[in-house]
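Each chain, letter by letter, is given below.
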Amino acid sequence: HDDDYRSDTWVFDGTDWTLLTSITTAHLNALDGTAPGNLIAVGDDGAYRFHGEGWRDVIHRSHYLDIWGVGDDVLWTAGSDVRRHDSAGWSQISTALGGFMYAIWGSADDDVWVAGQYGNIGHYTGSTPVDHLIIGTADWQDIWGSGEDDVWFVGHGGSVLHFDGTDLEPVTTPYTDDWYAVWG
């Protein structure tokens, strides 16, 4: 129930849990970081960075559903649009993708995948615009990979895809319900 929703973020130091003071009351959808004092959270009204002392706003108000980072300085967000952050600031990545992008993952800054509504999948290989693929009609919910030649996509109706570095192919599973997360 949304009235009971809280946008809390907790940090575990190996012994104790600490509640971080929130910067927003909006839904937080994803979290990435390289250390307890270097976290990025994205949500329904933007992206926020935690530097050990507190949260601060780091991107204009937009709706973000996922985040992926390369080291401490390069970040990618997906949601109502796709953006990349580096030492020069935030830039919107040109895509022909329709609808919301629910997931983002990469093996490197020049090998980034996004996926979302209406079967849309995009692959950024260091130049814009993003290569656009439409694979089925499923809403793709999550992406995970172990490297540039092992990338997995999961979505509605038991849909699963695997990229082997050359081909993006459906994977048959006995599960027909919606997948919302993948990790290996």
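Scroll up to find the structure.
Because the structure is a prediction, the values reported are computed rather than measured.

### Observations concerning a negative patch on the surface
Thought 1: Taken together, the side chains of Asp110, Glu148, Asp149, Asp164, Asp167 and Glu169 present a region of like negative charge at the surface.
Thought 2: Position of Glu169 among the secondary structure elements: in strand E18 (residues 168-170).

### Details of the sheet that holds strand E8 (residues 74-79)
Thought 1: Taken in spatial order, the 4 strands of this open sheet run E7-E8-E9-E10, and their pairing is antiparallel. The sheet is open, and its two edges are formed by strand E7 (64-70) and strand E10 (89-92), each paired on a single side. Sheet twist, expressed as the average angle between the axes of neighbouring strands with direction ignored, equals 20 degrees.
Thought 2: Looking at chain direction, E7 and E8 are connected through 6 bridges and run antiparallel. Among the inter-strand pairings, Val70 is bridged to a residue of E8, identified as Val74.

### Brief notes about the environment of His27
Thought 1: You can see His27 is positioned in the loop between strand E2 (17-20) and strand E3 (28-35).
Thought 2: Look at His27 and you get partly exposed, because its relative accessible area is 24%.
Thought 3: For the pair His27 and Asp44, spaced 17 residues apart in the sequence, the C-alpha separation amounts to 5.6 Å.

### Looking at the pairing of strand E15 (residues 140-147)
Thought 1: Across the 8 residues that make up E15, a large majority, 7, are buried.
Thought 2: As judged from the 6 bridges shared by E15 and strand E16 (residues 150-155), these two strands associate in the antiparallel manner. Looking across to E16, one finds that Gly145 is bridged to Val151.
Thought 3: Taking the residues that link successive antiparallel strands as the turn, the E15-E16 hairpin has 2 residues.

### Observations concerning the pattern of salt bridges
Thought 1: Counted by the stated rule, this structure contains 3 salt bridges.
Thought 2: The salt bridge involving Arg84 is made with Asp86; its shortest N-O contact spans 2.5 Å.
Thought 3: A relative accessible area of 14% places Arg84 in the buried class.
Thought 4: Of the charged contacts, one joins Arg84 and Asp109 as a salt bridge, the two residues approaching to 2.5 Å between their closest N and O atoms. Of this pair, Arg84 sits in strand E9 (residues 82-86) while Asp109 sits in the loop between strand E11 (101-108) and strand E12 (111-116), and the two are 25 residues apart along the sequence.
Thought 5: Within this structure, Arg84, Asp86 and Asp109 form a network of salt bridges that share partners.

### Concerning the nonpolar core
Thought 1: Counting 26 residues, the largest nonpolar core has Trp76, Ile104, Trp113, Ile121, Ile143 and Phe153 as the members making the most contacts within it.
Thought 2: Looking at this core, the elements with two or more residues in it are E8, E11, E12, strand E13 (120-124), E15, E16 and strand E17 (160-163).

### Brief notes about unusual backbone geometry
Note on backbone geometry: most residues besides glycine have negative phi, and most peptide bonds are trans.
Thought 1: Of note in this structure, Tyr118 is not a glycine but carries a positive phi near 60 degrees.
Thought 2: Mapped onto the secondary structure, Tyr118 falls in the loop between E12 and E13.

### Points about a nonpolar patch on the surface
Thought 1: Together, Trp10, Phe12, Trp17 and Leu19 give the surface a local cluster of nonpolar side chains, amounting to about 460 Å² of exposed area.
Thought 2: Of all elements in the fold, only strand E1 (9-12) and E2 reach the threshold of two or more residues within the nonpolar patch.
Thought 3: Within the secondary structure, Trp10 is located in strand E1.
Thought 4: We classify Trp10 as partly exposed; its relative accessible area is 44%.

What counts as what
All residue numbers refer to position in the chain's written sequence, counted from 1. For a predicted model such as this one, the threshold for reporting local features is a pLDDT of at least 70, and the threshold for listing and counting side-chain atom pairs is 80 or more; totals across whole chains, interfaces and linings nevertheless cover every residue. Each side-chain value is worked out from all heavy atoms of the structure, with water and hydrogens disregarded. Patches here: salt-bridge-free residues with over 30% relative accessible area, like charges joined within 9 Å, nonpolar side chains (Val, Leu, Ile, Met, Phe, Trp, Tyr) joined within 5 Å. Here, Shrake-Rupley sampling with a 1.4 Å probe gives the accessible areas, and only protein chains in the shown set may cover a residue. Basic side-chain nitrogens of Lys or Arg form a salt bridge, by our definition, when they fall within 4 Å of a carboxyl oxygen of Asp or Glu. All tallies of charge rest on Lys and Arg as positive and Asp and Glu as negative; His and the ends of each chain are not included. The atoms used to mark charge sites are NZ of Lys, CZ of Arg, CG of Asp and CD of Glu. Counting from the N terminus, the helices are DSSP H or I runs at least four residues long and the strands are E runs at least two residues long. Two strands qualify as a pair provided that DSSP identifies no fewer than 2 bridges between them. Each axis is a line fitted through C-alpha atoms, and for a helix only the stretch in contact is used; angles between axes span 0 to 180 degrees, taken between their N-to-C directions. For every residue, the accessible area obtained with a 1.4 Å probe (protein chains only) is divided by the maximum for its type, and the residue is called buried under 20%, exposed over 50%, and partly exposed between those limits. Take the buried Ala, Val, Leu, Ile, Met, Phe, Trp, Tyr and Cys residues and link them wherever side-chain atoms come within 4.5 Å; each set so joined is a nonpolar core.

Bear in mind that shape data such as this cannot, by itself, settle questions of function.
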